[in-house]
Amino acid sequence: MTDSGRDAMTELREYSNLIGGELRPASGGGTLESVDPATGEVWATIPRSTAEDAAAAVAAARAAFPRWSGMPAAGRAHYLRKVAAVFAENARELAELETRDNGRIISETAKRDLPGMTYLWNSAAAECAAAVEGRSVDFGPSSLGVTRREPYGVTLGIIPWNSPISTFSAKAAFALAAGNTVIIKPAEQATASTLRVGELLREVLPAGVLNIVSGLGEEAGDPLVRSRGVDKISLTGSVHTAKIITRASADSLKPLALELGGKSPNIVFADADLDKAAPGVTTQAIFTANAGQICYGGSRILIQRPVYDEMIFRMKALAERIRLGDPMSMETTMGPIVSREQYERVVSYLEIGAKEGAELVFGGRSGAAVVDDDRYAGGYWVEPTLFATGDNSLRICQEEIFGPVAVVIPFDTEEEALALANDSVYGLAAGVWTNSLGTAQRMFRNLETGTVWVNTFRKVMFPLEGVKDSGYGHDSVMAYTREKSGLFEI
Ligand code: NAD
């Protein structure tokens, strides 16, 4: 724990929306409480925004659009590099806030997330020029076809609670690089770090270019979704919310990008290097720093029978070494569940797994018993839990639990592994552990997922775009532009 960490954050903090370059409370003054998931205690308040706030954000973003989109790409790049510098200069404070806000442990936020944000904003700056590159087509001596890439206008990024600063950055940086102005709606369970970023960026970006409206989905998010002043929506969230947003946006027909949930298979073949595969399916993929609250978490572990017992033995040993506790301590390796509601949901799956007759391989406990420290007795703790079954139709095999709860299923042949892996409504990501190039190639081709990792997991290098109920579309500079065509006859 540092001076600027938990001890220094004892008084209730108050955060504001960022609208039109001003830090504002919600119209009507409503607030929501932000709870520290490690202790269960309220530590901050955030605005409970209304339709009026949503309308103000849309008006501010629309007013800022002509100037921002009309600026040369180099000008926008200059601003985005300044944003990258803000993330670098305030990395420690933001990492601690993110940890406080959603329980993602400090070693993850300080060492992985925040350095990643500086890189992301600088990458977006570097892509500003590419975002305005058009094409030309020669139709003969007196006829020239041209295209220009142009921004959509005002884009709305709706973000989840499990990785707020990263998702905020993915939705804001690329959209801004392409010349859009942006409204961000953070998740009510973990909003504070995003609002703090808003305070810092208010000093850097022109008024109205970036707006942040906090509050509940149905109160603050819905009017933004329905607004004719919003030209594109990118949601990272659940399938349930995606369906609501799809219906709500139908009357104003705007493009959507939906980055949704998953039930990712992580498949270990008998020829795999078990020294890599064991941590690869355990601590790398599901029993992670933020307690398995990860969209592409490898929550369905498929193991070929000859190495099944050996893998279970190794996974148990790795799980025993996971340390739950103070998220601000570098010694801690897994944090709490983000909120009471999500905690109760995850715990309900511990009961569902038992009732469905799955064998409990390890874990299964929740609450204060899991942490050896009274300060965290009120927190939302679930220990790494693994069920075993041969029946992929069980609810624990089909439904996204979004916590540190995984299921292991044995298989005999490659065909069986593929059939089990694809037997899911989701298709976000998959892991394959094998030393056979042929197996790896066939699995890569035939797995019905947007991403396949071979002999690794959870390394995002490309846009993570789902198939099936995991959604469609992604965040990149190009995805925030559209192509306009013209034909010039001389
Ligand atoms: P959620 O769907 O409950 O909420 C996401 C956001 O939508 C929040 O900001 C919420 O306030 C907002 N929202 C809810 N109802 C709304 C409405 N009617 N109109 C407008 N906005 C509304 O998701 P969550 O619980 O915050 O996050 C967990 C989910 O996100 C999981 O399913 C997870 O898999 C998914 N996720 C996906 C990715 C990915 O890249 N594919 C990444 C992270 C999380």
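Computed from a prediction, not measured in an experiment: that's the story for all the values here. Residue indices follow the written sequence of each chain, beginning from 1 at its first position. pLDDT decides what is reported in this predicted model: residues at 70 or higher carry local features, side-chain atom pairs at 80 or more are listed and counted, and totals for whole chains, interfaces and linings draw on all residues regardless. Here the side-chain values reflect all heavy atoms present in the structure, with hydrogen atoms and water set aside.

A. Quick look at the overall build of the chain. Numbering of helices and strands runs from the N terminus, with a helix taken as a DSSP run of H or I at least four residues long and a strand as a DSSP run of E at least two residues long. Helix and strand counts for the chain stand at 14 helices and 23 strands. Here the C-alpha radius of gyration of the chain, 23 Å, is about what a compact globule of 490 residues would show, namely 23 Å. Along the longest, intermediate and shortest principal axes, the C-alpha atoms of the chain span 75 × 65 × 40 Å. Burial here depends on accessible area, computed with a 1.4 Å probe over protein chains only, as a share of the maximum for the residue type. Under 20% is buried, over 50% is exposed, and the range in between is partly exposed. Of all 490 residues assigned to the chain, the portion counted as buried reaches 59%. Pairs at least 24 apart in sequence give 76% of the contacts found in the chain among residues at least 6 apart. Residue exposure ignores everything except the shown protein chains as possible cover, and the areas themselves are Shrake-Rupley values with a 1.4 Å probe. Carbon and sulfur atoms make up 52% of the accessible area of the chain, which amounts to about 19,700 Å² in all. Both charge centroids of the chain, one from 48 positive and one from 61 negative side chains, sit 5 Å from each other. Our radius of gyration looks at C-alpha atoms and nothing else; its globule reference is 2.2 Å times the residue count to the power 0.38. We call two residues contacting when some pair of their heavy atoms lies within 4.5 Å. His is not counted here, nor are the chain ends, while Lys and Arg score as positive and Asp and Glu score as negative. Where a charge sits is defined by one atom per residue type, namely NZ (Lys), CZ (Arg), CG (Asp) or CD (Glu).

B. The arrangement of the nonpolar core in detail. Only buried Ala, Val, Leu, Ile, Met, Phe, Trp, Tyr and Cys residues count toward a nonpolar core, and they belong to the same one when joined by side-chain atoms within 4.5 Å. By size, the foremost hydrophobic cluster in this structure holds 72 residues, and its most contacted members are M311 and I396. When residues no more than four places from it in sequence are discounted, the contact partners of I396 are K263, Y349, I352, G353, E356, A358, F387, I401 and V407.

C. Structural view of empty space enclosed by the protein. Every definition here rests on a 1 Å grid over the protein atoms only: cavities are sets of points where a 1.4 Å probe fits but cannot get out, pockets are open sets enclosed by protein on both sides within 12 Å along at least five of seven lines, and lining residues have some atom within 4 Å of a point. Grid points are joined across faces, edges and corners, and a volume is the space filled by probe spheres set on the points. A complete count under the given rule lists three cavities of 30 Å³ or more for this structure. A volume near 80 Å³ is recorded for the largest cavity. Along its surface, the largest cavity is lined by 14 residues, and G262, G292, S299, E400 and F402 are the ones closest to its centre. Estimated volume of the second largest cavity: approximately 50 Å³. Surrounding the second largest cavity, L18, G21, L201, R202, L205, P206, A207, G208 and L210 form its lining. Following the grouping adopted for this structure description, the nonpolar residues are Ala, Val, Leu, Ile, Met, Phe, Trp, Tyr, Cys and Pro, the charged ones are Asp, Glu, Lys and Arg, and the polar ones are all others, Gly among them. For the lining of the second largest cavity, the residue count by class is six nonpolar, two polar and one charged.

D. Main features of the sheet that holds strand 23 (residues 481-489). Here, strands pair whenever DSSP counts at least two bridges between them. Spatial strand order, 6-7-23: three strands in an open sheet with antiparallel pairing. Two strands close off the open sheet at either side, each with one partner strand: strand 6 (136-138) and strand 23. Within the sheet, the average angular offset between the axes of one strand and its neighbour, ignoring direction, is 15°. Note: strand 7 (residues 143-151) against strand 23, nine bridges, orientation antiparallel. By the bridge assignment for strand 23, R148 is matched with K484. Note on geometry: axes are lines fitted to C-alpha atoms, helical ones only across the stretch in contact, with angles between N-to-C directions running from 0 to 180 degrees.

E. Layout of helix 14 (residues 437-446). All of the buried residues along helix 14 are T439, A440 and M443. The arc that holds every buried residue of helix 14, seen down its axis, measures 100°, which confines them to one face. Of the residues in helix 14, the exposed ones pointing more than 90 degrees away from the buried face are L437 and R445. As for helix 14, its buried residues are in contact with strand 13 (265-268), helix 13 (414-422), strand 19 (429-433) and strand 20 (451-454). What the arc covers is the set of directions going from the helix axis to the C-beta atoms.

F. Representation of the site of the ligand in the model. Looking at the ligand, there are 27 residues lining it, with E188, S238, T241, L260 and E400 nearest. Take K185: an N or O atom from its side chain is 2.8 Å from an oxygen atom of the ligand. At a separation of 2.6 Å, an oxygen atom of the ligand approaches a polar side-chain atom of E400. Contact with the protein chains hides 88% of the accessible area of the ligand, taken as 850 Å² for the molecule alone. Top contributing element to the shell around the ligand by residue count: helix 7 (residues 217-226), with four residues. Throughout, the term near means that a residue has one or more heavy atoms lying within 4 Å of the molecule or strand in question. Pairing of N or O atoms within 3.5 Å defines a polar contact, subject to two protein rules: one partner must be a possible hydrogen donor and the other a possible acceptor, and residues neighboring in sequence count only if both atoms are side-chain atoms.

G. Examining unusual backbone geometry more closely. We note that N455 has phi near 60°; this positive angle belongs to a residue other than glycine. Note on placement: N455 falls in the loop between strand 20 and strand 21 (467-468). Of note, the phi angle at R458 is positive, near 65°, even though the residue is not glycine. Along the chain, the position of R458 falls in the loop between strand 20 and strand 21. For R458, a relative accessible area of 7% translates into the label buried.

H. Up close: the packing of aromatic side chains. Only rings of Phe, Tyr and Trp enter the pairing, Trp through its six-membered ring, and a pair is recorded when the two centres are within 6.5 Å. The plane angle decides the type: under 30 degrees is stacked, over 60 is edge-to-face, the rest tilted. All chains considered together, the criterion is met by 11 aromatic pairs. Centre to centre, the rings of F87 and W121 are 6.0 Å apart; their planes meet at 20°, and the pair counts as stacked. One end of the pair, F87, is in helix 2 (residues 73-89); the other, W121, is in helix 4 (residues 106-126), with 34 residues separating them in the sequence. W121 shares its class with F87; the two are buried. Measuring from ring centre to ring centre gives 6.0 Å for Y343 and Y380, while their planes differ by 35°; the resulting arrangement is tilted. Residue Y343 is found in helix 11 (residues 340-355), and its partner Y380 is found in the loop between strand 15 (359-362) and strand 16 (385-388); the two are separated by 37 residues along the sequence. The residues Y343 and Y380 share a single accessibility class, namely buried. Over a ring means this: the NZ of a Lys or the CZ of an Arg is within 6 Å of the ring centre and within 35 degrees of the ring normal. Cation over ring: K232 sits above Y480, and NZ or CZ is 5.2 Å from the ring centre.

I. Here's a closer look at the environment of R226. Along the chain, the position of R226 falls in helix 7. By relative accessible area, which is 45% here, R226 ends up partly exposed. With 20 residues separating them in the primary sequence, R226 and T246 have C-alpha atoms 10.0 Å apart. Each residue touching R226, except ones within four places of it in the same chain, is listed here: A248, S252 and K254.

J. Examining the domain arrangement of the chain more closely. All domain edges in this entry derive from an automatic or database-based domain assignment. The domain boundaries assigned to the chain delineate domain 1 (3-260 + 471-485) and domain 2 (265-460). Spacing between the C-alpha centres of domain 1 and domain 2 amounts to 30 Å. Counting from both sides, the interface comprises 26 residues of domain 1 and, opposite them, 30 residues of domain 2. Note on definitions: salt bridges are taken to be side-chain nitrogens of Lys or Arg within 4 Å of carboxyl oxygens of Asp or Glu. In this assembly, domain 1 and domain 2 are joined by one salt bridge. Measuring nitrogen to oxygen at the nearest pair gives 2.5 Å for the salt bridge that ties R458 to E108.

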